[in-house]
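Working through the structure, step by step
As a plain string of letters, each chain reads:
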Amino acid sequence: KTILSSGINYQKRRDYTRYITNLSYGYEWKESIKKTHLFYPVEINSIKINLLNKSFYEKIKQLYDKQILNSYQDHLIIGAKYSYIYNEQQRNKIANFRYLRLNYEMAGNIMWLLNRSFKSVMTDNSYTLFNIHYAQYVKIELDYRYYSYFNKDNIFVYRFLTGVGVPYGNMNVLPFEKSFFAGGANSMRGWLIRSLGPGSFKDTMNYKYDKIGDVLIENNLEIRFPIYRYLKGAIFSDIGNIWLRQKDSNRPGANFMFNKFLHDMAVDVGIAFRFDFSYFVIRMDCAVPFKDPSKNVNDRWVFRYTKFKDINFNFGIGYPF
């Protein structure tokens, strides 16, 4: 199949508005009933930021962090992406199955080579297109899921999600919309979207900027069961976090290290209610933090201090995974 798609994401916050416009052209090849290949030789993203509060940007500048600053500046992404999907699920058959998706993408290389060949003039130590900086990076992501049926109505689901992004060359930071984040309805449900991490870093300045990183590790466990007719339920736990690849003196504890990343893993627990009408699902997942890596080492197991106000409610369409 040939696939042509486009979309726009509009975000309005107290301090800014952000437009993310994308256009992609690619191909889908179904090698077998279980194996699918997706190749997008052209993928373009345009990010436009309108700052509503100049003092907010001045606060962010005080952090001297290029990745955070880049999140609030206009930029372009011009690249390619390949995905491999392995899915054992069989329609209308109740049986255990596995699902695997592997994504690989890179951006900015062709533009960078053209700029170098024609000896283009740099602006702030990087090349631009239409006076807008473009990103250059490589990113790998793996999504593995296992579905185990006790019977047709009771299911255990496990998901392991991991990835790493390596920026280089032109911007030397991973762009906002390609960075990893934790929290929200399809991630660490005990935290709001983009509010967890990176690592054990604690935002003592209380700037409330979006938390993003270069490395992601996440585990999700969920037991799904029927309650009454269309109403389904679930109990779940999410374990994971995001990290920076490199050490940042302004964000201590934010970088990934093999000898400490397990201690940086956040944990939440929760219950869920889903109205499953077969053709679509409306859900509400309620979760609370169980372990918060941003706390002091001896106070990270926060469940014993949990109050009703600490419950995070997530509304969504469809199952989280």
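So, here's what we can say about the structure.

**Focus: the overall build of the protein chain**
The secondary structure content of the protein chain amounts to 3 helices and 14 strands. A globule of 321 residues ought to have a C-alpha radius of gyration of about 20 Å, and the protein chain, at 21 Å, matches this closely. Dimensions of the protein chain, computed from C-alpha atoms along their principal axes, come out at roughly 65 × 50 × 40 Å. When the 321 residues of the protein chain are sorted by exposure, 47% land in the buried category. Taken as a whole, the protein chain presents about 17800 Å² of accessible surface, with 58% of it coming from carbon and sulfur. A gap of 1 Å separates the mean positions of the 45 positive and 28 negative side-chain charges of the protein chain.

**Quick word on the side chain of His133**
Here His133 shows up in strand S7 (residues 132-133). Apart from the residues within four sequence positions on either side, His133 is in contact with Asp74, His75, Leu76, Thr123, Asp124, Ser126, Tyr127, Thr128 and Met171.

**Some thoughts on the packing of aromatic side chains**
By the definition in use, this model includes 14 aromatic pairs. Where Phe97 meets Tyr147, the ring centres are 4.3 Å apart and the plane angle is 10°; that geometry is what we call stacked. Residue Phe97 is found in strand S5 (residues 97-107), and its partner Tyr147 is found in strand S8 (residues 137-149); the two are separated by 50 residues along the sequence. Residue classification places Tyr147 among the buried positions, given a relative accessible area of 10%.

**With respect to the pattern of salt bridges**
Going through the model one piece at a time under the given rule, you end up with 20 salt bridges. For the salt bridge of Glu43 with Lys178, the shortest nitrogen-to-oxygen distance reads 3.6 Å. Taken together, the residues Glu43 in strand S3 (residues 35-51) and Lys178 in the loop between strand S9 (155-167) and strand S10 (215-228) connect sequence positions 135 residues apart. Across the salt bridge formed by Asp264 and Lys260, the nearest N and O atoms sit 2.4 Å from each other. The same class applies to Asp264 as to Lys260, namely buried. One salt-bridge network, in which partners are shared between bridges, spans Arg189, Glu222, Arg224, Asp238, Arg274, Arg283 and Asp285.

**Examining the sheet that holds strand S2 (residues 16-30)**
The 12 strands are arranged S1-S2-S3-S4-S5-S8-S9-S10-S11-S12-S13-S14 in an open sheet whose pairing can be described as antiparallel. The outermost strands of the open sheet, each flanked by one partner alone, are strand S1 (2-12) and strand S14 (312-317). Here the strands of the sheet are splayed against their neighbours by 20° on average, with no regard to which way each runs. Here strand S11 (residues 231-243) pairs with strand S12 (residues 266-276) via 10 bridges, running antiparallel.

Reading guide: rules and limits
- Residues numbered from 1 in each chain as written.
- Predicted model: local features only at pLDDT ≥ 70, side-chain atom pairs only at ≥ 80, totals over all residues.
- Heavy atoms only, no water.
- Helix = DSSP H or I, 4+ residues; strand = E, 2+ residues; numbered from the N terminus.
- Rg over C-alpha atoms; globule rule 2.2 N^0.38 Å.
- Buried < 20%, exposed > 50% of the residue type's maximum accessible area, 1.4 Å probe, protein only.
- Areas by Shrake-Rupley, 256 points an atom, 1.4 Å probe, with all protein chains shown as cover.
- Lys, Arg positive; Asp, Glu negative; His and termini not counted.
- Charge placed at Lys NZ, Arg CZ, Asp CG, Glu CD.
- Contact = heavy atoms within 4.5 Å.
- Phe/Tyr/Trp six-rings, centres within 6.5 Å; stacked < 30°, edge-to-face > 60°.
- Salt bridge = Lys/Arg side-chain N within 4 Å of Asp/Glu carboxyl O.
- Pairing = 2+ DSSP bridges.
- Axes fitted to C-alpha atoms, helices over the stretch in contact; angles between N-to-C directions.

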